[in-house]
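In case you want the letters, here they are:
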Amino acid sequence: MAPEIRGTDIAGPDETLTVLVPSREMADAVAALDPRVRAHLTPDDGPPTGEVAAARVWVPAFGGAQPDEAFLAALPDLRLVQLLSAGAERFTGRLPDGVVLCNARGAHTPSTAEWVLAATLAAQRGLPEFVRAQDAGRWAPGTHRSLVGARVLVVGAGDIARRIGAMMSGFDAELTYVGRTARDGVHGTDELPDLLPSADVVVLIVPVTAETTGMVDAAFLAAMPDGALLVNAARGVVVDTDALVAELTSGRLRAALDVTEPEPLPEGHPLWTAPGLLLTPHVGGAVPQTRARAQETVLAQLRRVLAGEPLTDVVGDY
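Predicted, not measured: the structure shown is a model, and the values here were computed from it. (Residues numbered from 1 in each chain as written. Predicted model: local features only at pLDDT ≥ 70, side-chain atom pairs only at ≥ 80, totals over all residues. Heavy atoms only, no water.)

A. Seen up close, the environment of A173. Relative to the elements of secondary structure, A173 occurs in the loop between helix 5 (159-169) and strand 7 (174-179). Overall, the relative accessible area of 13% leaves A173 in the buried class. A sequence separation of 110 residues divides A173 from V283, and the C-alpha atoms of the two residues are 25 Å apart. Look past the residues within four positions of A173 in its chain and what remains in contact with it is L147, G149, A150, V152 and M168. (Helix = DSSP H or I, 4+ residues; strand = E, 2+ residues; numbered from the N terminus. Buried < 20%, exposed > 50% of the residue type's maximum accessible area, 1.4 Å probe, protein only. Contact = heavy atoms within 4.5 Å.)

Here's what the structure looks like:
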């Protein structure tokens, strides 16, 4: 568990708080918080200089590259990196000592859970096949599976996982959660070999760590029952792509993926034509409300800094 970090660890009560942000809209909102705050746009033409180099807080852009060493070296007073994303794998282990990393837990929760529900329903009811038939001008009735009463194994037990469960509970799905360690209502990952054989649907919503990278390998997939559906809303590196392609090609398993490895998929990659696959281009969080929720996460965190209160969503070692 990450240690408690307070706003006074970022800036003292009488100190100016310089913040680097990715957009003019966010800069205006941040500057309006308090006269102590100075908001600047993150430079895109080289390392920060002048007043910008005094930044104590940096808010990287959505989907930006991992931090550049020269950029970080030009920010000697940096104390907090506040992400707009829930995933933090591009930043963990890459920040200087003394710099706190926080994610935007909750900002992407509703939209990502909604994608999982939509993708699961579409795959279970065969909607991709019906759309292809429509495009070809074919009337192709068929019987497919249902989410109602399905046994759903959610690998991940955080905020998004719980929202997925809440949405699926309306379909009377039998939900089982798996986390890194067992606790009340959550099974440990060491129990997966016993849990996978009875799952109709397996949902992946875990952070990227050394333990989760490649977790869904050939053995994991082989333990899933024939006809089961794998839904990946985590990151592509959680799944062994070659092993998944083999299972899809054989027709034994099905999948719904919002993320892949590699990403984006190159032309000619076997996932493009793999049978039984519903594929979307990493759009789980891509609804208009997500950006507003993420900005509010930043503003709320900065209010805590200014008030000297404990920070939330500090990213520790998973």
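There is more to say, and it comes next.
B. Quick look at the pattern of salt bridges. One pass over the structure, following the stated rule, counts 8 salt bridges. In this structure, D28 engages R24 in a salt bridge whose closest nitrogen and oxygen atoms are separated by 3.9 Å. Taken together, the positions of D28 and R24, both in helix 1 (residues 24-31) and 4 residues apart, correspond to about one turn of that helix. Linking R252 and E247 is a salt bridge whose minimum nitrogen-to-oxygen distance equals 2.9 Å. Here the salt bridges do not stand alone but share partners, grouping D226, E247 and R252 into one network. (Salt bridge = Lys/Arg side-chain N within 4 Å of Asp/Glu carboxyl O.)

C. Broad picture of the environment of V298. Relative to the helices and strands, V298 is located in helix 9 (residues 288-307). Between the C-alpha atoms of V298 and A122, which are 176 residues apart in sequence, the distance is 34 Å. Not counting residues within four places of it along the chain, the set of residues in contact with V298 comprises M26, V59, Q82 and L84.

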